Structure formats: structure tokens, C-alpha cells
There are 2 protein chains.
Amino acid sequence: MARLVVMYGTPKDAGAFDKHYFEIQVPIAKQIPGLRKYEVSRGAIGTPAGASKFHLIATLHFDDMQAVQNASASPQGQAAAADVAKFATGGVDMVFFDSAEI
Amino acid sequence: MARLVVMYGTPKDAGAFDKHYFEIQVPIAKQIPGLRKYEVSRGAIGTPAGASKFHLIATLHFDDMQAVQNASASPQGQAAAADVAKFATGGVDMVFFDSAEI
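Residues numbered from 1 in each chain as written. Chains lettered and ligands numbered in written order. Predicted model: local features only at pLDDT ≥ 70, side-chain atom pairs only at ≥ 80, totals over all residues. Heavy atoms only, no water.

**Q** I tried to follow the environment of D93 of chain B on my own but got confused; where do I start?
**A** Residue and element names in this part refer to chain B. Position of D93 among the secondary structure elements: in strand β5 (residues 92–101). The exposure class assigned to D93 is partly exposed, which follows from its relative accessible area of 37%. Linking D93 and Q25, residues 68 residues apart in sequence, is a C-alpha distance of 16 Å. Non-local contacts of D93, meaning those with residues more than four positions away in its chain, are made with V5, V6, M7 and F54. (Helix = DSSP H or I, 4+ residues; strand = E, 2+ residues; numbered from the N terminus. Buried < 20%, exposed > 50% of the residue type's maximum accessible area, 1.4 Å probe, protein only. Contact = heavy atoms within 4.5 Å.)

The structure is reproduced here in C-alpha cells:
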């Protein structure tokens, strides 16, 4: 199992972010080859110290790291990445890793 | 579904970190009430720009945000949090959020 975790910082306009994210980014990203599961945070993202700097966290599930690389290199992955620049006004942190249940 | 994601920055001594994490932290954390699933990253954590600043990312799964709060307040949760200070020499970022498949 591999995960691509996309953490969006608090945007300038949360309503505009959400509209673009769910109406444009999600439909593009769901076409990415090899995507097994797509999860998004709902509501506020907390930390032990209080509110976090993140507005939304998406977790995309793939079979393995090779699938993540293939997805990133695919036209659909490139289109999703290009779209991020259009709405992620609070910045974005992206990490990917192999993951195992213990 | 709710998630508690714990992101550990690159520690001073990766070997010592891993030994403490898997031999001490994991057994403590697995006793946290309400924990449904425990996943940890394996190997390097990447970003689109190259290596990330993180050494290990753990994802703890709970039924809902109330369960995360109960877990954090529990003696086992408190013990796990207290233990983190003993090995997380590269710092730690922790976020929790409600999550839904889309």
C-alpha cells in the first residue's frame, strides 16, 4: 500500500477553495490511473495545540510506490498537479510513502 | 472515520529512533482505547521536490473525532504522548481530522 497525502494550507477564500476543489480538482484526480481510494478531511483539522494551519487533507491510496510514480507521470496526474496551482492559495505540502498496517 | 496523523521529522539518530519507536512507542500506542487501525510508513518519504523532512509518518484510525478526543485523554494516550518526547529528536507534527471516502 502506498499513500499520497496532500495537505492544503488555509486558503485566502475557503468557499472558493472548496468549490474549486470539489467541482474541478476531485473529478480530475479521480481519473488518475492506479488510484484505489480517495479520502478527504471533513471539517476543521486540529492539532494538540489547537487549530492547525491546514484547511483540507486529501489521502490518495495506491498499490505501491511504483503506482504513485506512474500516477504522477500520467497525463491525469499532471493535469491534477497543474490544477492545484489554481486554487491552493494557502500553499500545499505533498508527501508520498509506502505504508503498512502494524 | 477519523484519523490522527503523526509526522516525525528526521531524527538525529535514525537507528535509535526506529528502535525506540517500534519497541516502546508502538506497544504503548496500540493499547490506546478506540484505535481501529495503525499504519506506519516504510522507507523514505518523498515529495515532488525530492526527499521530505519527515522520517516516519504514522496514521492512527478511529471511528470519529470523539473517539480521537477520548483516546488523547486516556491514560494510554497520555503515556504515548509522553513517550514521544523521548525519541522524536527531529520534532513532530500531529494533526487529526474527520475523513470520508469520496
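Continuing now.
**Q** Explanation requested: the interface of chain A and chain B in the structure shown.
**A** By convention, interface size is frequently given as the accessible area that disappears when the constituent parts associate. Taken residue by residue, the interface counts 30 residues in chain A and 29 residues in chain B. Between chain A and chain B, the buried area comes to about 2,600 Å², and carbon and sulfur atoms account for 61% of it. Summed over the shared surface of chain A and chain B, the result is two salt bridges. A salt bridge links R3 of chain A to E39 of chain B; the nearest nitrogen and oxygen atoms lie 3.0 Å apart. At the boundary of chain A and chain B, one finds 12 residue pairs in polar contact (both at pLDDT 80 or more). When contributions to the side of chain A that touches chain B are tallied by element, the ones reaching two or more residues are β1 (2–9), α1 (14–29), β2 (37–47), β4 (54–62) and β5 (92–101) of chain A. In terms of residue count, β2 of chain A provides more of the side of chain A that touches chain B than any other element does, 10 residues in total. A per-class count over the side of chain A that touches chain B returns 18 nonpolar, five polar and seven charged. Here β2 of chain A runs beside β5 of chain B; their pairing, made up of five bridges, is antiparallel. When the bridges of β5 of chain B are listed, G46 of chain A appears paired with F96 of chain B. (Buried area = accessible area lost by both parts, 1.4 Å probe. Salt bridge = Lys/Arg side-chain N within 4 Å of Asp/Glu carboxyl O. Polar contact = N/O pair within 3.5 Å; in protein donor to acceptor, adjacent residues only side chain to side chain. Nonpolar A, V, L, I, M, F, W, Y, C, P; charged D, E, K, R; others polar. Pairing = 2+ DSSP bridges.)

**Q** Can you help me understand the pairing of β1 of chain A in this one?
**A** As a general feature of sheets, a regular strand has side chains that alternate between the two faces. Residues and elements named next belong to chain A. Of all eight residues that make up β1, eight are buried, and the element is covered over most of its length. Of the two faces of β1, the one carrying A2, L4, V6 and Y8 and the one carrying R3, V5, M7 and G9 are both buried. Looking at chain direction, β1 and β4 are connected through eight bridges and run antiparallel. Paired with V6 across the two strands is A58, which belongs to β4. Pairing of β1 with β5 involves seven bridges; the strand directions are antiparallel.

**Q** Just checking my understanding: could you explain the pattern of salt bridges for this structure?
**A** Side-chain pairs of opposite charge can arise where the charged atoms are in close proximity. Applying the stated criterion across every chain yields a total of eight salt bridges over all chains. The salt bridge involving K19 of chain B is made with E23 of chain B; its shortest N-O contact spans 3.1 Å. A residue pair is termed a helical-turn pair when its members lie 3 or 4 positions apart in one helix, as K19 of chain B and E23 of chain B do in helix α1 (residues 14–29) at four residues. For E23 of chain B, a relative accessible area of 51% translates into the label exposed. Through salt bridges that share partners, R3 of chain A together with K37 and E39 of chain B make up one connected network.

**Q** Explanation requested: the packing of aromatic side chains in the structure shown.
**A** Centre-to-centre distance and the angle between the planes together describe a pair of aromatic rings. With the rule as written, the count across this model stands at 14 aromatic pairs over all chains. Consider the rings of Y8 of chain A and F17 of chain A, whose centres lie 5.2 Å apart with planes at 75 degrees: the pair is edge-to-face. Seen from their ring centres, F17 of chain B and Y21 of chain B are 6.0 Å apart, and the 5 degrees between their planes marks the pair as stacked. Note that F17 of chain B and Y21 of chain B are positioned in helix α1 at a spacing of four residues, about one turn of the helix. For the pair F17 of chain B and Y21 of chain B, one class covers both residues: buried. Connected via pairs of aromatic rings, a cluster forms that spans Y8, F17, Y21, F22 and F87 of chain A. (Phe/Tyr/Trp six-rings, centres within 6.5 Å; stacked < 30°, edge-to-face > 60°.)

**Q** Is there a simple way to explain the packing of α1 of chain A against helix α3 (residues 75–87) of chain A in this structure?
**A** The packing of two helices is summarised by the inter-axis angle and the distance between the axes. Residues and elements named next belong to chain A. Taken N-terminus to C-terminus, the directions of α1 and α3 make an angle of 170 degrees; their axes are 9 Å apart at the nearest point. In this view, α1 runs roughly antiparallel relative to α3, as classed from their interaxial angle. Contacts between α1 and α3 involve F17, H20, Y21, I24, Q25, I28 and A29 from the former and Q76, A79, A80, D83, V84, K86 and F87 from the latter. Looking at the contact of α1 with α3 residue by residue, the classes come out as nine nonpolar, three polar and two charged. (Axes fitted to C-alpha atoms, helices over the stretch in contact; angles between N-to-C directions. Parallel < 35°, antiparallel > 145°, perpendicular 65-115°, else oblique.)

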